Amino acid sequence: MNAPTTRRLTVAQALVEFLAHQYTERDGRRHRLIHACWGIFGHGNVAGLGQALLESGAASHQGATAGPPALPYLQGRNEQAMVHAAVGYARQCDRLSAQAVTTSIGPGATNLVTGAALATVNRLPVLLLPGDVFATRPADPVLQQLEVPSAGDISVNDALRPVSRYFDRVTRPEALIPAALQAMRVLADPVDTGAVTLALPQDVQAEAYDWPAEFFADRVWRVPRPAPDADALAAAVRALRGARRPLVVAGGGVHHSEAEGALCAFADATGIPVASTQAGKGSLRHDHPADVGGIGHTGTATADALAREADLVLGVGTRYTDFTTASSTLFAAPGVRFVNLNIASFDAHKLGAASLVADARAGLEALTKELSGHRVDAEYEAAYRAAKAGWERRVDAAYAAEDPSVRPSQTQVLGALDAVVDDTDVIINAAGSLPGDLHKLWRARSRRQYHLEYGYSCMGYEIPAAIGVRLAAPDRPVWALVGDGTYLMNPTEIVTAVQEGLNITLVLIQNHGYASIGGLSQATGGERFGTDYRFRAEDGTYTGAPLPVDLAANAASLGMQVLRAATVGELRAALAEARGANRPTCVYVETETADTVPGAPEAQAWWDVPVAETATRPAAVAAREAYDRHTAGRRRHL
């Protein structure tokens, strides 16, 4: 008997079934492309995607469908946080597996925008499935509909267009087929990937259609490793052989390509030092002789000194943000040139570079082969290794806390954590003063231990991302490092972690305000205005006593086990206990606010934050004078 050539399903049911059969494949290993679907339901998706997820999931549990479960469902508390969780999952999976997020129309959909921007900025795949207003317009407007007098085909979902790598609105059932295929193409493409949005009108979700059976067949999206062009490779090799003080800048593309081993072999063979961006930290282990740490505004003195004197910079998988280039002031040698190895041509051509458009692993392997027998001058190698050793001593000093009875500084919190973790742990952070401390000080032990979202530096990312990482790597201890400002932005997914039994560990650092922006405000003449969490003083400013907010009690009320640590000794014990816990746990610690990060002012790499050109307050006048001095050092690399 011939198999049926069509299946009658609703649009939502067809999409769920289609997603269940999508795979990526790289290096002969196959991965489920869409692992699960996060969702919060409202009138825009409850009877469409909600019903489809329920029905297909129930059918798979009853054995009524062959193959994988249609799509596991995960319940979230905040739409933005659901996207963050999905992004954390995708990054941990090297972009080979992703998650979907469904919302209702209106505020549920617009809450996706920040998460979508974060995903696209960081080149990480996530599938967004917001409900949309009626395509057939039987009632106009419906609840939560945005009315635009000049256009009848706009909804709030159009706000997702500029932050999506692909956007489509499925206004007819048959339009789902090309839209879904294009969505998978973009999600699986290492060059184009980011947020992908399929806006789904609520009436279309529930509409039935006779779908071709082949739409639901297993489909494999192969993720290639393109090799470099021979002529471009030869030019890159000539440039590297001719360089006296070369430097590698390793970006996130090293991790996404699983190219850490190839980078290690390249560094071993050539002796070229390797500095790392926030996304690229951990590309080499911290104790590799060629690893000189973070680069740029939050980099180490060793890496930044090398960058200032480098005559050739080999960028691998980096997009050269202003933090990496110190706002175009860091690479200061008069004749400095760039070679950029990147899978995306857009990034490979930055800074006037000789571009090497290729997969990071394939490109590094080709460079290592063609550079056989070449090595940097022994004096150069010895000098950067000595500088690296000197920096490590400064890290030891920042981590040290000889008196266990005192309140710890933030860097001493990192030192205590450093003493507890091993190669398997994952450290997650995104915003505040912690990214700078971590980039300078953290000793990354494995390729995916250091998880900093600094492309968008989004407050509120850490807790949901920890959930996503834990889902992707259930056997790895996962730590979300969060300041009080970030915690107050988005603590809601603690409930999700408790509900799902995901024993993430939250290190909650209380410093009574926006410490990072407070420091920036002070440096730029803003005098820390509006950055402390305090009562109003008589003069109307927020300079009174600290607020009596008990964040530990809040975390406990959401279901976490909470361990309070008032001293260095208590912190060490609490971190050790939390790492062994079998339930979501929060370590709460109030820190000293004094800055203990090592680094001489003259070694600090600049960051361009414009300062008021005219002002009456002395702090702003002085800050502008310093700003003008720094801007004189900017240059365009052409």
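Definitions and limits used
Residues numbered from 1 in each chain as written. Predicted model: local features only at pLDDT ≥ 70, side-chain atom pairs only at ≥ 80, totals over all residues. Heavy atoms only, no water. Helix = DSSP H or I, 4+ residues; strand = E, 2+ residues; numbered from the N terminus. Rg over C-alpha atoms; globule rule 2.2 N^0.38 Å. Buried < 20%, exposed > 50% of the residue type's maximum accessible area, 1.4 Å probe, protein only. Contact = heavy atoms within 4.5 Å. Areas by Shrake-Rupley, 256 points an atom, 1.4 Å probe, with all protein chains shown as cover. Lys, Arg positive; Asp, Glu negative; His and termini not counted. Charge placed at Lys NZ, Arg CZ, Asp CG, Glu CD. Phe/Tyr/Trp six-rings, centres within 6.5 Å; stacked < 30°, edge-to-face > 60°. Lys NZ or Arg CZ within 6 Å of the ring centre and 35° of its normal. 1 Å grid on protein atoms, 1.4 Å probe; cavity = no way out; pocket = protein on both sides within 12 Å on 5 of 7 lines; lining within 4 Å. Points joined across faces, edges and corners; volume = space filled by probe spheres on them. Nonpolar A, V, L, I, M, F, W, Y, C, P; charged D, E, K, R; others polar. pLDDT = per-residue confidence, 0-100. Disulfide = S-S within 2.5 Å. Core = buried A, V, L, I, M, F, W, Y, C linked by side-chain atoms within 4.5 Å.

Enquirer: Teacher, can you tell me more about the overall build of the chain here?
Expert: Secondary structure summary: the chain contains 24 helices and 23 strands in total. In summary, the chain has a C-alpha radius of gyration of 26 Å against a globular reference of 26 Å for 638 residues, a match within 12%. Seen along its three principal axes, the alpha-carbon backbone of the chain occupies a region of about 75 × 70 × 55 Å. Per-residue burial for the chain yields a buried fraction of 56% across its 638 residues. Relative to all contacts within the chain whose residues are 6 or more apart in sequence, the contacts with residues 24 or more apart total 76%. As displayed, the chain has an accessible area near 25,300 Å², and 53% of this comes from carbon and sulfur atoms. When the 57 basic and 68 acidic side-chain charges of the chain are each reduced to a single mean position, those positions are 4 Å apart.

Enquirer: What am I meant to see in the packing of aromatic side chains here?
Expert: The geometry of two aromatic rings is summed up by the distance between their centres and the angle between their planes. This model, assessed by the stated rule, comprises eleven aromatic pairs. Judged by centre distance (4.5 Å) and plane angle (70 degrees), the rings of Phe-323 and Trp-607 are edge-to-face. A residue pair is termed long-range when its members are at least 10 positions apart, and Phe-323 in helix H12 (residues 322-325) and Trp-607 in the loop between strand E23 (585-590) and helix H24 (618-631) qualify at 284 residues. Using a relative accessible area of 11% as the deciding quantity, one classes Phe-323 as buried. The exposure class assigned to Trp-607 is partly exposed, which follows from its relative accessible area of 27%. One cation-aromatic arrangement involves Arg-30 over Tyr-23; the distance from NZ or CZ to the ring centre is 5.9 Å.

Enquirer: Any chance you could explain the layout of surface pockets here in plain terms?
Expert: The probe, sized like a water molecule, is rolled over the atoms to show the empty space still left. Size it by volume and the second largest pocket reaches roughly 210 Å³. Val-133, Phe-134, Arg-137, Gly-152 and Asp-153 are, among the 15 residues lining the second largest pocket, the residues nearest its centre. A per-class count over the lining of the second largest pocket returns six nonpolar, four polar and five charged.

Enquirer: What should I look at first to understand the confidence of the model for the chain in this one?
Expert: The predicted coordinates ought not to be read in detail in places where the model reports low pLDDT. Confidence in the prediction for the chain averages 94 pLDDT; 96% of positions are at 70 or higher. The low-confidence segment residues 61-65, where pLDDT is below 50, has three contacts with residues more than four positions distant or belonging to other chains.

Enquirer: Explanation requested: the state of the cysteines in the structure shown.
Expert: Here the structure, examined in full by the defined rule, presents zero disulfides. Among the cysteines around Cys-37, which has no disulfide bond, Cys-93 carries the closest sulfur, lying 16 Å off. Using a relative accessible area of 17% as the deciding quantity, one classes Cys-93 as buried.

Enquirer: Would you take a moment to explain the nonpolar core for this structure?
Expert: The nonpolar side chains of soluble globular proteins are, as a tendency, buried together. Of all hydrophobic cores here, the largest spans 51 residues; its most connected members are Ile-295 and Leu-367. In this structure, Val-83, Ile-428, Ala-430 and Val-482 belong to the second largest nonpolar core, which totals 48 residues.

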